[in-house]
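As a plain string of letters, each chain reads:
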There are 2 protein chains.
Amino acid sequence: MASDAQTGRAPSIRDVARLAGVSHQTVSRVLNNHPSIRVETKARVQQVMDDLQYRPNRAARVLVTSRTRTIGVLAAAATQYGPASSIQALEKAARAEGYFVNTTNLDGTDRASIERGLNHLLDQAVEGLVVIAPQVRVFETFHDMNISLPFVTLQSTGTTEHALSVDQISGARLATRHLIELGHRSIYHLAGPQDWIEAEARMHGFLTELSANDVPATAPILGDWTAEFGYYAGRELLRVRDFTAIFSSNDQMALGLIHAIRESGLDVPRDVSVVGFDDIPEAAHFWPPLTTVQQDFGELGRRAIALLLGNIDDQGASPATLVPDLIVRKSTARPAF
Amino acid sequence: MASDAQTGRAPSIRDVARLAGVSHQTVSRVLNNHPSIRVETKARVQQVMDDLQYRPNRAARVLVTSRTRTIGVLAAAATQYGPASSIQALEKAARAEGYFVNTTNLDGTDRASIERGLNHLLDQAVEGLVVIAPQVRVFETFHDMNISLPFVTLQSTGTTEHALSVDQISGARLATRHLIELGHRSIYHLAGPQDWIEAEARMHGFLTELSANDVPATAPILGDWTAEFGYYAGRELLRVRDFTAIFSSNDQMALGLIHAIRESGLDVPRDVSVVGFDDIPEAAHFWPPLTTVQQDFGELGRRAIALLLGNIDDQGASPATLVPDLIVRKSTARPAF
DNA sequence: GAACACGATGTGACCGTGCACATCGAATTG
DNA sequence: CAATTCGATGTGCACGGTCACATCGTGTTC
């Protein structure tokens, strides 16, 4: 009855202790590598751990320390390249810091779905939050549920302290300026959903750059990030055809746009120039290869973690601004006029 | 000193009990809605819970029940549409069943990375595993670490009981037959990495269909799922140009392929027909719109959970075979000969 | 050489739940 | 009407770690 280890439960710290002939506390010290332990004692304990394939029980640790070391990700478009890449990088970075990540995907973007997502995350007692979703609505909900938790939003204007400053505005200005410099004067903007902070920022950048160059502004078209939408928007737009260039808020919509343009017998870039945003890996292989604004999604994810853990562990992090690059390929040219 | 609730710790079951004037066990019963509780008692407890914004402590529960209700996902290409969609659906389905999901992304596909990923998952005591990665290598590692855990692989030939039977083979045959029926006799296959079971299955389907129709087989080209690879493979292939059609193992590589073909002055589908696999949302907007094999990634994810929870909760699930569809668009035509 | 510091280790309580068992009153049964 | 059953509730312990504190032997200090 001394070796009642076959109870089905995994070996515990006390099982290790017994076999190593030490107290459970000594085992705990080995686990947290406490300085004052004799090397041979440590070795002996470690040996027993290996033999037993011992793994510390996370739940027990969490219970006593009340630290879950888990950060939550609230995602709305985890299917798209950008968010997916950021999440991947973020998860990796968190893991390297000994943190766990729980990614929860919203069922929809309505209030109830957001609430459900947040609740799921709170049930796990996440220590911080990364929001990759319509931030505006999430933060409202967040506030109404009056929860206070360190959080970071992946892409933003940089107004809040919680926000990672990827300069979406300057990225959008870069794209717009490129079109203006080529000689375009009638430029449309296919925007993203306006409750995504980055969509709003890109639109803002677009309008700012237009007015800075005295180019007449056009009303942005509000899209949903999909190629499908880009396609139908393109077809609508072509009925009038009072433009020579379009700046799309992401690459997928640009693809749909090009599809519509070409289907109507026009050519890109001869008749219409198109600029995208994101530089997804496929963009270089669109036909024509897409001129677009490159974002480093991986870096974004890593910085999100750095910023968040900085908040959690209370040392202030420095979110230096990431400036996106314009990648000029073949989808833009001088207007035919 | 009776109201020592401001200790910083969240309210516990006993805080609720005290305020409701019942024992902690009664509160626990309310939580797990035990049948024999007076409705008014239940209401009173619930009221206190709301007031306190009480949330059950998951760690404590896990500790005592030794059930984590967490399933782990080991992912290698979470950045791509297919895997990402499956993960998203899977996470949602798991959540609906009261399970938590932890997605761990492999740093690489080497042995050490896989081991690291598995360890991370085991540290959380996941109750089951979904593998979206080079399965062959994962299972070897899995075996060598001699861990036994219910697991499911998302896409496979259907040989194992653990495997979800999406019939990748018949999907590939569908695509190949389509090309043959159009009159093609010189068909290449751009395959995926061979330690992905689905890549191997698609290749198998391709070869089977060729031989069933007495069409001479060609050596498959082993790719890495990326558009970039498709592009370079296409350039290589075009130096010889002894083919009229290519079946690509996924849509991204097909895109790169088309890019290379068109760049060399040839046309798709006039000179070369191309078929993809997956039907990512962008495929309909490629130029030309891509003929491809459609997979229901969401359904895949949902079934993975159903199968896994069936194993965990011990009721045998029935993994009826999902048969993919061929979506004919504009990238295929009769050979010009 | 007594007082003390310190390194190495052990002891017991505690974290927030669920489980097994006990209790107690009311309804049912013979 | 006593015995039994059952519904509604309470009591105490266990889960597997960490923390605060105690213990003990040894070297250092004055």
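All figures in this text were calculated on a predicted structure; none of them were measured in a lab.

### As for the interface of chain A and chain B
(1) Moving on: Facing 54 residues of chain A, the contacting portion of chain B comprises 54 residues.
(2) Moving on: Of the roughly 4700 Å² buried where chain A meets chain B, counting both sides, 51% is carbon and sulfur surface.
(3) Moving on: On inspection of chain A and its partner chain B, the count reaches four salt bridges.
(4) Moving on: Of the charged contacts, one joins Asp-123 of chain A and Arg-55 of chain B as a salt bridge, the two residues approaching to 2.9 Å between their closest N and O atoms.
(5) Moving on: Summed over the shared surface of chain A and chain B, the number is 20 residue pairs in polar contact (both at pLDDT 80 or more).

### As for the packing of helix 1 (residues 13–20) of chain A against helix 3 (residues 39–52) of chain A
Residues and elements named next belong to chain A.
(1) Moving on: The geometry of helix 1 relative to helix 3 is characterised by a closest axis approach of 9 Å and an angle of 120° between their N-to-C directions. When the axes of helix 1 and helix 3 are compared, the pair comes out oblique. Crossing geometry of helix 1 relative to helix 3 is assigned as right-handed. Across from Asp-15, Val-16, Leu-19 and Ala-20 in helix 1, the residues of helix 3 making contact are Arg-44, Val-45, Val-48, Met-49 and Leu-52.
(2) Moving on: Split by residue class, the contact of helix 1 with helix 3 holds seven nonpolar, no polar and two charged.

### Section: the relation of the copies chain A and chain B
(1) Moving on: Between chain A and chain B, the superposition needs a rotation of 180° and an axial shift of 0.0 Å, giving an RMSD of 0.1 Å. Classification of the inter-copy transformation places it as that of a two-fold axis. Relative to the rotation axis, the C-alpha of Ala-59 of chain A is the closest in chain A, positioned 2.3 Å from it.
(2) Moving on: Comparing interface residues between copies, 100% of those in chain A also lie at the interface in chain B; the contact surface is shared.

### Describing the side chain of His-120 of chain A
(1) Moving on: Positionally, His-120 of chain A belongs in helix 6 (residues 111–123).
(2) Moving on: Beyond its immediate stretch of four places on either side in the chain, His-120 of chain A contacts Asn-102 and Thr-104 of chain A together with Glu-91, Arg-95, Tyr-99 and Phe-100 of chain B.

### As for the packing of helix 2 (residues 24–31) of chain A against helix 3 of chain A
Residues and elements named next belong to chain A.
(1) Moving on: Running from N to C, helix 2 and helix 3 cross one another at 90°; their axes reach a closest spacing of 10 Å. On the basis of the axis angle, helix 2 is roughly perpendicular to helix 3. Contacts from Thr-26, Val-27, Val-30 and Leu-31 in helix 2 reach Thr-41, Lys-42, Val-45, Gln-46 and Met-49 in helix 3.
(2) Moving on: Class assignment for the residues of the contact of helix 2 with helix 3 results in five nonpolar, three polar and one charged.

### Quick word on helix 6 (residues 111–123) of chain B
The periodicity of an α-helix, 3.6 residues per turn, causes residues three or four positions apart to be oriented the same way.
(1) Moving on: The end-to-end C-alpha separation of helix 6 of chain B is 18 Å, in line with the 18 Å expected for 13 residues at 1.5 Å each.
(2) Moving on: Listing the buried residues of helix 6 of chain B in full gives Ser-113, Ile-114, Gly-117, Leu-118, His-120, Leu-121 and Leu-122 of chain B.
(3) Moving on: Against helix 5 (81–96) and strand 2 (100–105) of chain A together with strand 1 (70–75), strand 2 (100–105), strand 3 (128–132) and helix 7 (135–144) of chain B lie the buried residues of helix 6 of chain B.
(4) Moving on: Directly beyond the C-terminal end of helix 6 of chain B, a positive phi value near 55° is found at Ala-125 of chain B.

### Remarks on the protein's contact with DNA strand D
(1) Moving on: As a structural note, the neighbourhood of DNA strand D is formed by 30 residues, with Ile-13, Gln-25 and Ser-28 of chain A together with Thr-26 and Arg-29 of chain B the closest of them.
(2) Moving on: If you look at DNA strand D and keep only atoms within 4 Å of the protein, 59% of those are sugar or phosphate atoms.
(3) Moving on: In the environment of DNA strand D, a base oxygen lies 2.7 Å from a nitrogen or oxygen atom belonging to the side chain of Arg-14 of chain A.
(4) Moving on: Contacts to DNA strand D include Ser-23 of chain B, whose backbone N or O atom sits 2.7 Å from a phosphate oxygen.
(5) Moving on: At the level of secondary structure, the elements contributing two or more residues to the surface near DNA strand D comprise helix 1, helix 2 and helix 4 (58–65) of chain A together with helix 2 (24–31) and helix 4 (58–65) of chain B.
(6) Moving on: If you tally residues by element for the surface near DNA strand D, the top one is helix 4 of chain A, at five residues.

### Focus on the domain arrangement of chain A
(1) Moving on: Domain assignment breaks chain A into domain 1 (13–56), domain 2 (65–166 + 298–312) and domain 3 (168–295).
(2) Moving on: The distance between the C-alpha centroids of domain 1 of chain A and domain 2 of chain A comes to 37 Å.

### A word on the UniProt feature "domain: HTH lacI-type" (unreviewed entry) in chain A
(1) Moving on: Look at the UniProt record and you will see "domain: HTH lacI-type" (unreviewed entry) annotated at residues 11–65 of chain A.
(2) Moving on: The distance separating the terminal C-alpha atoms of residues 11–65 of chain A is 21 Å; by composition the span is 69% helix and 0% strand.

Parameters and conventions
- Chains are numbered independently. Their residues run from 1 in the order of the written sequence.
- Going through the entries in the order they are written, you letter the chains from A and number the ligands from 1.
- The predicted nature of this model means local features are confined to residues of pLDDT at least 70 and side-chain atom pairs, given and counted, to a pLDDT of 80 or more, with totals for whole chains, interfaces and linings taken over all residues.
- In computing side-chain values, all of the structure's heavy atoms are included and hydrogens and water are not.
- We call two residues in contact whenever any of their non-hydrogen atoms come within 4.5 Å of each other.
- The quantity reported as buried area is the accessible area (1.4 Å probe) lost by two parts once they are put together, taken as the sum for both.
- Here, a salt bridge means any Lys or Arg side-chain nitrogen found within 4 Å of an Asp or Glu carboxyl oxygen.
- Two N or O atoms count as a polar contact when they lie within 3.5 Å, although within protein this holds only if one can serve as hydrogen donor and the other as acceptor, and sequence-adjacent residues are included solely when both atoms are side-chain atoms.
- For helices, the axis comes from a line fit to the C-alpha atoms of the stretch in contact; other axes are also lines fit to C-alpha atoms, and the angle between any two N-to-C directions lies between 0 and 180 degrees.
- Think of it this way: any DSSP run of H or I at least four residues long counts as a helix, any run of E at least two long counts as a strand, and we number them from the N terminus.
- Our angle categories are set so that under 35 degrees counts as roughly parallel, over 145 as roughly antiparallel, 65 to 115 as roughly perpendicular, and the remainder as oblique.
- Crossings are assigned a handedness: left-handed for a near helix turned anticlockwise from the far helix by less than a right angle, right-handed for a clockwise turn.
- Three residue categories are used. Nonpolar comprises Ala, Val, Leu, Ile, Met, Phe, Trp, Tyr, Cys and Pro, charged comprises Asp, Glu, Lys and Arg, and polar comprises the others, including Gly.
- Least squares is the method used to superpose the copies, on C-alpha atoms of residues holding a pLDDT of at least 70 in both.
- Take the residue count of a helix, subtract one, and multiply by 1.5 Å to get its expected span.
- Only protein chains enter the accessibility calculation, which uses a 1.4 Å probe; a residue whose area is less than 20% of its type maximum is buried, one above 50% is exposed, and one in between is partly exposed.
- The nearness test applies per residue and asks whether one of its heavy atoms lies within 4 Å of the molecule or strand.
- Each domain's limits were defined by an automated method or a database of domain assignments.
- UniProt positions are given in the numbering used here, feature names are shortened, and annotations may be inferred rather than shown by experiment.

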